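Geometric and topological summary
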Amino acid sequence: MSYRRDFVIGLKETRDFYTRLLLRSWRKGILGFGLAGGLTAWYYLNLFQVAASALVEILLSLAAAVVVMALVALVMALATRWKVAKESRRSGRERYVQHTRIDGFGLHVTVDDREARLGFDKLMKVEETKKAFYLYLAANQAWILPKDQMEDRDGESRALREIFSAVIESKRLRLQKNG
């Protein structure tokens with residue numbers, strides 16, 4: 001039970017991670033904006049006495065809600081991506097190599113000359129998406145294992161799922177079923 005790979009963590013991976021965090025934390029807010037957009041559409045349909053059946057009014061209001069939610073999410077995602085790019089340029093660190101080793105003793109990650117070792121019990125959670133595995137150290141900090149940098153994407157993803165399933169309790173795992 002061991003896994004080893006070097007990953008290049010660049011702007012793309014960092015942007016994806018922070019955009020994911022932002023959209024997840026704003027789920028209820030985005031729904032609230034959608035509700036307000038739908039209610040506003042319904043209000044104006046009635047204010048201007050648009051000749052439409054109740055079903056059409058409901059459908060138009062729902063469509064408005066969806067459009068507002070999509071626009072809010074898009075603006076938030078674009079703003080986050082811009083902020084991440086700006087911060088990366090400012091820090092002068094747009095990419096780095098993350099040497100990753102996972103074995104029976106835990107995680108060993110080295111970036112530049114800094115090495116971190118962490119037991120599986122110290123991981124907050126492990127989350128798998130279509131693009132990557134995120135090994136959370138805290139709510140807003142994770143080591144990223146990008147799938148597009150894996151030599152055998154399906155095989156390595158399956159191996160990582162097996163390792164994490166064996167050593168981390170299921171309540172801290174968010175793994176995909178079929179990768």
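Higher on the page you've got the structure.
Remember, predicted model here, so these are calculated numbers, not experimental data. (Residues numbered from 1 in each chain as written. Predicted model: local features only at pLDDT ≥ 70, side-chain atom pairs only at ≥ 80, totals over all residues. Heavy atoms only, no water.)

Here we look at the sheet that holds strand 5 (residues 125–128)
- Pairing within the open sheet is mixed, and its four strands lie in the order 7-6-5-8. Two strands bound the open sheet, and with one partner strand each, they are strand 7 (141–146) and strand 8 (173–174).
- Judged from the two bridges that link them, strand 5 and strand 8 form a sheet pairing that is parallel. Its bridge partner being in strand 8, Glu127 is matched across the sheet by Arg174.
- Against the sheet, helix 1 (residues 11–25) contacts strand 5, strand 6 (132–138) and strand 7, and its axis sits at roughly 65° relative to strand 6.
- On top of the sheet, helix 4 (residues 153–167) reaches strand 5, strand 6, strand 7 and strand 8; it is set at about 30° to strand 6, its chief contact. (Pairing = 2+ DSSP bridges. Helix = DSSP H or I, 4+ residues; strand = E, 2+ residues; numbered from the N terminus. Contact = heavy atoms within 4.5 Å. Axes fitted to C-alpha atoms, helices over the stretch in contact; angles between N-to-C directions.)

With respect to the packing of aromatic side chains
- In the structure shown here, the tally under the stated rule is seven aromatic pairs.
- On the basis of an interplanar angle of 70° and a centroid distance of 5.1 Å, the ring pair of Phe17 and Tyr18 is categorised as edge-to-face.
- Given a relative accessible area of 2%, Phe17 falls into the buried group.
- Note on Phe17 and Tyr136: the rings are 5.8 Å apart at their centroids and 45° apart in plane angle, and the pair reads as tilted. In this pair, Phe17 sits in helix 1 while Tyr136 sits in strand 6, placing the two residues 119 residues apart along the sequence. Of the two residues examined, Phe17 and Tyr136, each falls in the buried class.
- Clustering of aromatic rings is evident, with ring pairs tying together Phe17, Tyr18, Tyr134 and Tyr136. (Phe/Tyr/Trp six-rings, centres within 6.5 Å; stacked < 30°, edge-to-face > 60°. Buried < 20%, exposed > 50% of the residue type's maximum accessible area, 1.4 Å probe, protein only.)

What about the pairing of strand 5?
- Side chains Lys125 and Glu127 project from strand 5 onto one buried face, and the interleaved Val126 and Glu128 project onto a second face that is buried too.
- The antiparallel pairing of strand 5 with strand 6 creates a hairpin that spans three residues between the two strands.

A closer look at a nonpolar patch on the surface
- Taken together, the side chains of Trp42, Tyr43, Tyr44, Leu47, Phe48 and Val50 present a nonpolar region at the surface, about 650 Å² in accessible area.
- Tracing the backbone through its elements, the reader meets Leu47 in helix 2 (residues 27–47).
- For Leu47, a relative accessible area of 43% translates into the label partly exposed. (Patch = residues over 30% accessible without salt bridge, like charges linked within 9 Å, V, L, I, M, F, W, Y side chains within 5 Å. Areas by Shrake-Rupley, 256 points an atom, 1.4 Å probe, with all protein chains shown as cover. Salt bridge = Lys/Arg side-chain N within 4 Å of Asp/Glu carboxyl O.)

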